[in-house]
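# Structural overview
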Amino acid sequence: MIKFENVSMVYANGNHALNDVSLQIDDGEFVFITGRSGAGKTTLTKLLICEERVSSGRLEVNGFRLDKIRSWRIPKLRRTMGVVFQDFKLFDKMTVYENVAFAMRVVGAKSKLIKKRVPFFLDVVGLSHKSNSFPTELSGGEKQRVAFARALVNNPDTIIADEPTGNVDIEMSEGIMELLLRVNKLGKTVIVVTHDLALIREYKKRVIQIENGKLFADKNGANFGIDDVKAASIEEKEDELEDLK
Ligand code: ADP
């Protein structure tokens, strides 16, 4: 379970990235997190994996209290989560197989298990035939699938995908969504961070909209439309006008 209670986050330079956010994502849910650029989506994701710390409030993720977690426990927390970053973060000097295996090695998995799981997950994402290729020899969509295999290989409870449809064509983006839905059916929590309004409307899942560092809306994607995006910009204008007073 993921539970934000009055969470605020201020960067060292004084930027207020999140402001009094409260929300809960239950185990096994599929949610989209959306909001315009600069809204606070990346910050929220970074808080979940403890790449940044909350400034105030209470944050619970998969049984860990992140507002007071000791640094030695952070790797344990991260084992419960698989993240597919927008820029994939693959190692160019390692083969596809090695990139996925590395994620298991760093958490101390036994080589017998690595030899079993890596080919299995490369097969899940349809990349068995590219095991020995290097990332530089792959297309954007293929690199993304390696990143997915790596996110899944440690059997995490939660998968976070950052703009998964951002850099791929429509067909590929459908494939990625199918994969995420399948993973969700296995009981894993799936969080998709996206700007993609068409995607949100098509899949009719829960949508959490962050604007200006605040929770702006929490509704079903079927009811999410261009008006919600417009409403966010109108509200921002009102805030700006308020500031000018
Ligand atoms: P999003 O992912 O929705 O585009 P971010 O979480 O990246 O939004 O940013 C939220 C706010 O925090 C923005 O005002 C941004 O400028 C600021 N911000 C993001 N990262 C940093 C950082 N490392 N230091 C200072 N301010 C930051």
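Keep in mind that this is a model prediction, so the values were computed, not measured. (Residues numbered from 1 in each chain as written. Predicted model: local features only at pLDDT ≥ 70, side-chain atom pairs only at ≥ 80, totals over all residues. Heavy atoms only, no water.)

### Focus: the domain arrangement of the protein
Stated formally: By convention here, the domain bounds are inherited from an automatic or database domain assignment. Throughout, a contact is declared for two residues whenever any of their heavy atoms are within 4.5 Å. Two parts lose some accessible area (1.4 Å probe) when they are put together, and adding that loss for both gives the buried area. To qualify as a helix, a DSSP run of H or I must reach at least 4 residues; to qualify as a strand, a run of E must reach at least 2; elements of each kind are numbered from the N terminus. Side-chain classes are defined by residue name, with Ala, Val, Leu, Ile, Met, Phe, Trp, Tyr, Cys and Pro counting as nonpolar, Asp, Glu, Lys and Arg as charged, and the others, Gly among them, as polar.
Assigned domains of the protein: these are domain 1 (1-80 + 158-245) and domain 2 (86-155). Each of domain 1 and domain 2 has a C-alpha centre, and these two points are 25 Å apart. Contacts between the two partners involve 15 residues from domain 1 and, on the opposite side, 12 residues from domain 2. In this assembly, domain 1 packs against domain 2 so that about 1,200 Å² is buried in total across both faces, 64% of it on carbon and sulfur atoms. Mapped by element, the contributors of at least two residues to the side of domain 1 that touches domain 2 are β7 (158-162) and α6 (170-185). Here the side of domain 1 that touches domain 2 gets 6 residues from one element, more than from any other, and that element is α6. The residue makeup of the side of domain 1 that touches domain 2, split by class, is 9 nonpolar, 1 polar and 5 charged.

### Considerations on the site of the ligand
Rule in force here: Residues are classed as near a molecule or strand on a simple rule: at least one heavy atom within 4 Å of it. Each polar contact in these results corresponds to two N or O atoms within 3.5 Å; when the atoms are within protein, one needs to be able to donate a hydrogen and the other to accept it, and residues that are neighboring in sequence are counted only if both atoms are side-chain atoms.
Surrounding the ligand, one finds Tyr11, Asn13, Asn15, Ala17, Arg36, Ser37, Gly38, Ala39, Gly40, Lys41, Thr42 and Thr43. Contacts to the ligand include Ala39, whose backbone N or O atom sits 3.1 Å from an oxygen atom. A total of 3 residues in the shell around the ligand trace back to one element, the largest contributor, which is helix α1 (residues 41-48). Residues belonging to the shell around the ligand are distributed by class as follows: 3 nonpolar, 7 polar and 2 charged.

### A short note on the side chain of Ser131
Note on placement: Ser131 falls in the loop between α4 (111-124) and α5 (140-152). Setting aside anything within four residues of it in sequence, one finds Ser131 in contact with Thr95, Val96, Tyr97 and Leu122.

### Quick word on unusual backbone geometry
The residue Asp20 is not glycine, and still its phi comes out positive at about 55°. As for its placement among the helices and strands, Asp20 is situated in strand β2 (residues 16-25).

### Overview of the packing of aromatic side chains
Centre distance and the angle of the planes are the two values used to describe a pair of aromatic rings. The condition is simple: When two rings of Phe, Tyr or Trp (its six-membered ring) have centres within 6.5 Å they constitute a pair, described as stacked for plane angles under 30 degrees, edge-to-face for angles over 60, and tilted for the intermediate range. Whether a residue is buried, partly exposed or exposed follows from its accessible area with a 1.4 Å probe, protein chains only, as a fraction of its type maximum: under 20%, in between, or over 50%, in that order. Both a distance and an angle decide whether a charge sits over a ring: NZ of Lys or CZ of Arg must be within 6 Å of the ring centre and within 35 degrees of the ring normal.
By the definition in use, this model includes 3 aromatic pairs. On the basis of an interplanar angle of 65° and a centroid distance of 5.6 Å, the ring pair of Phe30 and Phe32 is categorised as edge-to-face. By relative accessible area, which is 6% here, Phe30 ends up buried. By relative accessible area, Phe32 is classed as buried at 0%. On the numbers, 5.2 Å between centres and 80° between planes, the contact of Phe91 with Phe102 is edge-to-face. With a gap of 11 residues between them, Phe91 in the loop between β6 (81-84) and α3 (96-105) and Phe102 in helix α3 connect regions that are remote in the sequence. Note that Lys89 overlies the ring of Phe85, its terminal NZ or CZ placed 4.8 Å from the centroid.

### Concerning α3
Taken together, the buried positions of α3 are Val96, Asn99, Val100, Ala101, Ala103 and Met104. Buried-residue contacts for α3 involve α4 and α5.

### Topic: α6
What counts here: By this rule, a helix spans an expected 1.5 Å times one less than how many residues it contains.
Across its 16 residues, α6 extends 22 Å between first and last C-alpha, which sits within 8% of the 22 Å expected from 1.5 Å per residue. The inward-facing, buried residues of α6 contact β3 (30-34), α4, α5, β7, β8 (189-193) and α7 (197-203).

### Focus: the sheet that holds β8
The criterion, for reference: Here, strands pair whenever DSSP counts at least two bridges between them. Axis definition: a line fit to C-alpha positions, over the contact stretch in the case of helices; interaxial angles, taken between N-to-C directions, run 0 to 180 degrees.
On the basis of which strands lie adjacent, the open sheet formed by 6 strands has the order β6-β7-β8-β3-β9-β10 and mixed pairing. At either margin of the open sheet sits one strand with a lone partner, and together these are β6 and β10 (214-220). Averaged over all adjacent pairs, the angle separating strand axes in this sheet is 20°, with direction ignored. Where α6 meets the sheet, its contacts fall on β3, β7 and β8, and the angle it forms with β3 comes to roughly 130°.

### Concerning the nonpolar core
Filter applied, for reference: Only buried Ala, Val, Leu, Ile, Met, Phe, Trp, Tyr and Cys residues count toward a nonpolar core, and they belong to the same one when joined by side-chain atoms within 4.5 Å.
Phe30, Phe32, Val118, Phe148 and Leu180 are the most contacted members of the largest nonpolar core, which has 40 residues in total. At the level of secondary structure, the elements contributing two or more residues to this core comprise β3, α3, α4, α5, β7, α6, β8 and α7. The residue makeup of this core includes at least three contributed by each of domain 1 (1-80 + 158-245) and domain 2 (86-155). Apart from residues no more than four positions distant in its own chain, Leu180 is found in contact with Phe30, Phe148, Ile159, Ala161, Pro164, Val190 and Val192. By size, the runner-up hydrophobic cluster in this structure holds 32 residues, among which are Ile25, Leu77, Ile160 and Ile191.

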